[in-house]
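Each chain is listed here by its residues.
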Amino acid sequence: MAKVIEGLYYSESHEYVRVEGDFGYIGITDYAQHALGNVVYVDMPEVDDEVTAGEEFGAVESVKAASDLFSPVSGTVVEINEALEDQPELINQDAFENWIIKVELSDKVELDELMDAKAYADFCEK
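Numbers given for residues are sequential positions, taken from 1 along each chain in its written order. Side-chain atom pairs in this predicted model are given and counted only at pLDDT of 80 or more, local residue features only at pLDDT of at least 70, and totals for whole chains, interfaces and linings cover all residues. Note that water and hydrogens are dropped before the side-chain values are worked out from all heavy atoms of the structure.

**Here's the deal with the packing of aromatic side chains**
Pairing of aromatic side chains here covers Phe, Tyr and the six-membered ring of Trp, requires ring centres within 6.5 Å, and sorts the geometry by plane angle: under 30 degrees stacked, over 60 edge-to-face, intermediate tilted. Scanning the model with the defined rule gives five aromatic pairs in all. Residues Tyr16 and Phe96 carry aromatic rings whose centres are separated by 5.1 Å and whose planes lie at 50° to one another, so their mutual orientation is tilted. You can see Tyr16 sitting in strand E2 (residues 15-20) and its partner Phe96 sitting in the loop between helix H3 (90-93) and strand E9 (101-105), a full 80 residues away along the chain. Note on exposure labels: buried denotes an accessible area under 20% of the residue type's maximum, exposed denotes more than 50%, and partly exposed covers the range between, all computed with a 1.4 Å probe on protein chains only. We classify Tyr16 as buried; its relative accessible area is 0%. Residue Phe96 is classed as buried on the basis of its relative accessible area of 5%. Geometrically, the ring pair formed by Tyr25 and Trp99 is edge-to-face, given 5.1 Å between the ring centres and 70° between the ring planes. With a gap of 74 residues between them, Tyr25 in strand E3 (residues 23-28) and Trp99 in the loop between H3 and E9 connect regions that are remote in the sequence. Note on Tyr25: relative accessible area 10%, which makes it buried. You can call Trp99 buried: its relative accessible area is 12%. In this scheme, Lys NZ or Arg CZ marks a charge over a ring once it lies within 6 Å of the ring centre and within 35 degrees of the ring normal. A cation over an aromatic ring shows up here: Arg18 above the ring of Tyr25, its NZ or CZ 4.4 Å from the ring centre. Comment: elements are numbered from the N terminus, with helices defined as DSSP H or I runs of at least four residues and strands as E runs of at least two.

**Description of the sheet that holds strand E4 (residues 39-43)**
What the three strands build is an open sheet, ordered E4-E6-E7; its pairing is antiparallel. With partners counted over all chains shown, the strands left at the sheet margins are E4 and strand E7 (66-70), one partner each. Between one strand axis and the next, the sheet turns through 20° on average, direction left out of account. As judged from the five bridges shared by strand E6 (residues 56-62) and E7, these two strands associate in the antiparallel manner. Directly across from Val60, in E7, lies its bridge partner Ser67. Any two strands between which DSSP finds at least two bridges are classified as paired. Between N-to-C directions, angles span 0 to 180 degrees; the directions come from axes that are lines fitted to C-alpha atoms, helices contributing only their stretch in contact.

**Here's the deal with the sheet that holds E9**
What links the strands of a sheet is backbone hydrogen bonding, and the strands pair in either a parallel or an antiparallel sense. Read from one edge to the other, the open sheet built from six strands follows the order E1-E2-E3-E9-E8-E5, with strand pairing classed as antiparallel. A single partner strand is all that each edge strand has here, and the edge strands are strand E1 (9-10) and strand E5 (50-51). As defined by bridge partners, E2 adjoins E3 across six bridges and the pair is classed as antiparallel. The partner of Arg18 across the bridge, within E3, is Tyr25.

Put into structure tokens, the structure is as follows:
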């Protein structure tokens, strides 16, 4: 069973967002990194790029496949996780610790559309 962390918000495309104040840290879930296998490259947007809930913002490539990343929320990218440029495998080591982008949230109401930990765990079991 993949790890699911309480207090995060989850999307059906297996991204999570950890909210701290007006900011959200977005990454892929443990379930997603297991499904992908060894991550070899992370394609990230630029700082100041806008992301929109439900729309693509990058991709994760593994030895098995490439998978588009979809933002669970809308906002402006304020930081990218530069460590992933040289060490994309950090996502396999701990997907929740190694977020991909940090965004300034433009509409917190969007969080209501996402799943909590229990709903996401149930979703993954289907």
